[in-house]
Amino acid sequence: MSFPATRMRRLRASTELRALTRETRLSPDRFVYPIFVTSDRHGPDPIPSMPGQYRWPIDSLRDLARDVYRAGIRGVMVFGLPDHKDETGSEAHNPDGIVQRAIRELKDAVPGLLTIADTCLCEYTSHGHCGILRDGYVDNDATLDVLAQVAVSQATAGADMVAPSDMMDGRIRALRDELDSAGFEHLPMLAYTAKYASAFYGPFREAADCAPQFGDRKSYQMDPGNRREALREAMLDVQEGADILMVKPALPYLDIVRQVRDNVDLPLWAYNVSGEYAMVKAAGRAGWVDERAVTLELLTAIVRAGADTVLTYHACEAAQWLQEV
Ligand code: PBG
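Quick look at the structure, then. (Residues numbered from 1 in each chain as written. Predicted model: local features only at pLDDT ≥ 70, side-chain atom pairs only at ≥ 80, totals over all residues. Heavy atoms only, no water.)

### Concerning the packing of aromatic side chains
The tally for this structure, following the rule as stated, stands at nine aromatic pairs. Ring centres of F79 and F204 lie 4.8 Å apart, and the angle between their planes is 80°; this geometry places the pair in the edge-to-face category. Highlighted residues: F79 in strand β4 (residues 75-81) and F204 in helix α6 (residues 202-207), separated in sequence by 125 residues. The pair F79 / F204 is uniform in exposure class, with both members buried. Where Y192 meets Y271, the ring centres are 6.4 Å apart and the plane angle is 40°; that geometry is what we call tilted. Of the two residues, Y192 sits in strand β9 (residues 190-195) while Y271 sits in strand β11 (residues 268-272), which places them 79 residues apart along the sequence. Comparing Y192 with Y271 shows no difference in burial state: the two are buried. (Phe/Tyr/Trp six-rings, centres within 6.5 Å; stacked < 30°, edge-to-face > 60°. Helix = DSSP H or I, 4+ residues; strand = E, 2+ residues; numbered from the N terminus. Buried < 20%, exposed > 50% of the residue type's maximum accessible area, 1.4 Å probe, protein only.)

### A word on the pattern of salt bridges
Within the structure shown, the criterion is met by 17 salt bridges. The shortest N-O distance in the salt bridge between K85 and D209 comes to 3.5 Å. Residue K85 is found in the loop between β4 and α3 (98-109), and its partner D209 is found in the loop between α6 and α7 (228-240); the two are separated by 124 residues along the sequence. Given the relative accessible area of 33%, K85 is considered partly exposed. We classify D209 as partly exposed; its relative accessible area is 46%. For R134, the salt bridge identified is with D139, shortest N-O distance 3.3 Å. On the basis of relative accessible area, R134 is assigned to the exposed category, the value being 56%. Linked through salt bridges whose partners overlap, the residues forming this network are R62, E105 and D108. (Salt bridge = Lys/Arg side-chain N within 4 Å of Asp/Glu carboxyl O.)

### Quick look at the environment of A102
Along the chain, A102 falls in helix α3. Residue classification places A102 among the buried residues on the basis of a relative accessible area of 0%. Separated by 28 residues in the primary sequence, A102 and C130 place their C-alpha atoms 21 Å from one another. Discounting residues that sit within four places of it in the chain, A102 has contacts with V37, I58, L61 and V78. (Contact = heavy atoms within 4.5 Å.)

### Comments concerning the site of the ligand
Around the ligand lies a shell of 18 residues, among which K195, R205, K248, S274 and Y313 are the nearest. In this structure, an oxygen atom belonging to the ligand sits 2.9 Å away from a side-chain N or O atom of R217. Separating an oxygen atom of the ligand from a side-chain N or O atom of S274 is a distance of 2.7 Å. In the complex, 100% of the free accessible area of the ligand, which totals 400 Å², lies under the protein chains. Classifying every residue of the shell around the ligand gives 10 nonpolar, three polar and five charged. (Near = heavy atom within 4 Å. Polar contact = N/O pair within 3.5 Å; in protein donor to acceptor, adjacent residues only side chain to side chain. Areas by Shrake-Rupley, 256 points an atom, 1.4 Å probe, with all protein chains shown as cover. Nonpolar A, V, L, I, M, F, W, Y, C, P; charged D, E, K, R; others polar.)

### Quick look at a positive patch on the surface
On the surface, R7, R9, R10 and R12 cluster together to form a positively charged patch. Mapped onto the secondary structure, R12 falls in the segment before α1 (15-21). (Patch = residues over 30% accessible without salt bridge, like charges linked within 9 Å, V, L, I, M, F, W, Y side chains within 5 Å. Lys, Arg positive; Asp, Glu negative; His and termini not counted. Charge placed at Lys NZ, Arg CZ, Asp CG, Glu CD.)

### Some thoughts on the nonpolar core
Ranked by size, the top nonpolar core spans 109 residues in total, and within it I35 and F36 carry the most contacts. Considering every element that reaches this core, the biggest residue donor is helix α4 (residues 140-157), with eight residues. Residue contacts for I35: discarding those within four places in its chain leaves W56, L61, L64, V76, M77, V78, F79 and L106. (Core = buried A, V, L, I, M, F, W, Y, C linked by side-chain atoms within 4.5 Å.)

### So, helix α10 (residues 291-304)
Here α10 contains 14 residues, and its C-alpha end-to-end distance of 20 Å stays within 8% of the 20 Å for a straight helix at 1.5 Å per residue. The set of residues buried in α10 consists of E291, T295, L296, L298, L299, A301, I302 and V303. Just downstream of α10, G306 is the residue with a positive phi angle, here 130°. (Expected span 1.5 Å × (residues − 1).)

Rendered as structure tokens:
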């Protein structure tokens, strides 16, 4: 059947018809909101390169948790800014560390709000790398032991999920083993499966004070040119026991999202990272794009590419806008 019997424009005629025939729908429960927590009491402290985002003091988390949950968002990803950094990132597994305290506070305020802990060392190491250094190289297996301790301490604090973002080999199995032997066999793991060595993390590194003090992360995060490698990472994470896979960043890597979606049946999340957020905010503020329309369009695109859930700094605003439509 072709024209004139077929007219594609018939179903585009009204807002209502378009709504009824839309293939991809957004809703606030598809979003996870990443937050930065600090022990500094003077806050919330605005993050200059991420307008609308803050470093939250512990005592502001109660209100934040309620607001986020009320907006229809069901999960937060928690990043901490510790008071002390050292060579091995030991603050990351302090039972009274910043993330551990934040999780207790969030769970106490709103038990239903899922807390996901970022399991990584870069915010906690003096050198800013995601692992333990040996002769200037991030030592994979030595890092696994520390990460496993971090995951257990986050679980002990009440985290509903742990999310290793370090890109060490074998971390999913190492964390699963350690969590299971500590009695956390029901705790799900969100694997940062395909995490690329991306310049789009720039604003985050400023916000979380975790830029590497020398070199870069290219010896552990993935090369942006590689697509097949993402599938190998995905297969390994599945074998090692991941519950959910993630692709990061999102927008420049939608082909990776689609490829993983088509090849793996696990839930798939995508991380719409700080640099992606900053660009939209900058263009919106300059009046160069319609910020609201652009934001809802890009979130739709990430879901259309195959992500079940999107980690995004736009979460609260987008949830609000969706309610107004
Ligand atoms: C820590 C981590 C990073 C991000 C999430 N977890 C930074 C990095 O790997 O350098 C980036 C998130 C964002 O840019 O929004 N490993």
